[in-house]
Amino acid sequence: LGKDLKEMSIPSAAQIADAAFERTVNICIGENNQNQNQNDDNGEEGKSTAITTTDLSEFFRHRLEETLEDADRETLLLYLSKAMASLSQVDPTLSPNKPHSSLLTGDTSQRTLRVYRSNNEDVTPTEVTRFCKANGSGKLGRIAIQEDGSAVLDLPTKRAERLCRNIQAVADGSDDDDVLDGWTIEIPMRL
């Protein structure tokens, strides 16, 4: 095809929401600028009989002024954010603050876990397996060691969340600050 492909990781929910926001802003601003340029080129601003996006925007603006006559800034921002979310056509069940799929494969039934030692020691797949299984992970799949020495792996969503809860309960239930021997586990937003 003559096109070079860029290698990139699977986008997180936050990256998808950011892109949707940018696209929505471009739609709103781009259409406004396009209509302004057409009016400037024709030299006949406001004389067109066809309904343009600007005309529809003005109609909506006047209706909003009537409806939200006494609204404060926060209320207006709330309405604007809801309108932009609707325009973005992004699945509203996706939260930009919570992973919605594996960061390794994109599988929506899996979550990626990062396991590392707080003292920045490199970990091995054997150590990660031993730590996770001791805390109720069940069977583990492929464990990949990252450049920073941490390990990443995928687990089904419920098992990943249960493993994180189990480890948090162990940490919360002990007076020993290092009950986990320096191990940390998280469900990251991005790799």
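Residues numbered from 1 in each chain as written. Predicted model: local features only at pLDDT ≥ 70, side-chain atom pairs only at ≥ 80, totals over all residues. Heavy atoms only, no water.

A closer look at the sheet that holds strand 4 (residues 183-186)
So, point 1. Pairing is antiparallel across the open sheet formed by 4 strands, whose spatial order is 2-3-1-4. One side of each edge strand has no neighbouring strand; the edge strands of this open sheet are strand 2 (143-145) and strand 4. For this sheet the average axis-to-axis angle between neighbouring strands, irrespective of direction, equals 25 degrees.
So, point 2. Where strand 2 and strand 3 (residues 151-156) come together, 3 bridges link them in antiparallel fashion. Counted as the bridge partner of A144 is V152 from strand 3.
So, point 3. Against the sheet, helix 5 (residues 157-172) makes contact with strand 1 (110-117), strand 3 and strand 4, and its axis sits at roughly 120 degrees relative to strand 3, the strand it touches most. (Pairing = 2+ DSSP bridges. Helix = DSSP H or I, 4+ residues; strand = E, 2+ residues; numbered from the N terminus. Axes fitted to C-alpha atoms, helices over the stretch in contact; angles between N-to-C directions. Contact = heavy atoms within 4.5 Å.)

Observations regarding the pattern of salt bridges
So, point 1. In this structure the tally under the stated criterion is 3 salt bridges.
So, point 2. Residues R114 and D148 are paired through a salt bridge, measuring 3.9 Å at the closest nitrogen-oxygen approach. Placement of the pair is R114 in strand 1 and D148 in the loop between strand 2 and strand 3, with a sequence separation of 34 residues.
So, point 3. Since its relative accessible area comes to 12%, R114 is described here as buried.
So, point 4. Of the residues examined, D148 reaches a relative accessible area of 51% and is grouped as exposed.
So, point 5. Among the ionic pairs, R117 bridges to D181, the shortest N-O distance being 3.5 Å. Of the two residues, R117 is situated in strand 1 and D181 in the loop between helix 5 and strand 4; the sequence distance between them amounts to 64 residues.
So, point 6. Using a relative accessible area of 10% as the deciding quantity, one classes R117 as buried.
So, point 7. Among the charged side chains, a salt-bridge network with shared partners connects R114, D148 and E186. (Salt bridge = Lys/Arg side-chain N within 4 Å of Asp/Glu carboxyl O. Buried < 20%, exposed > 50% of the residue type's maximum accessible area, 1.4 Å probe, protein only.)

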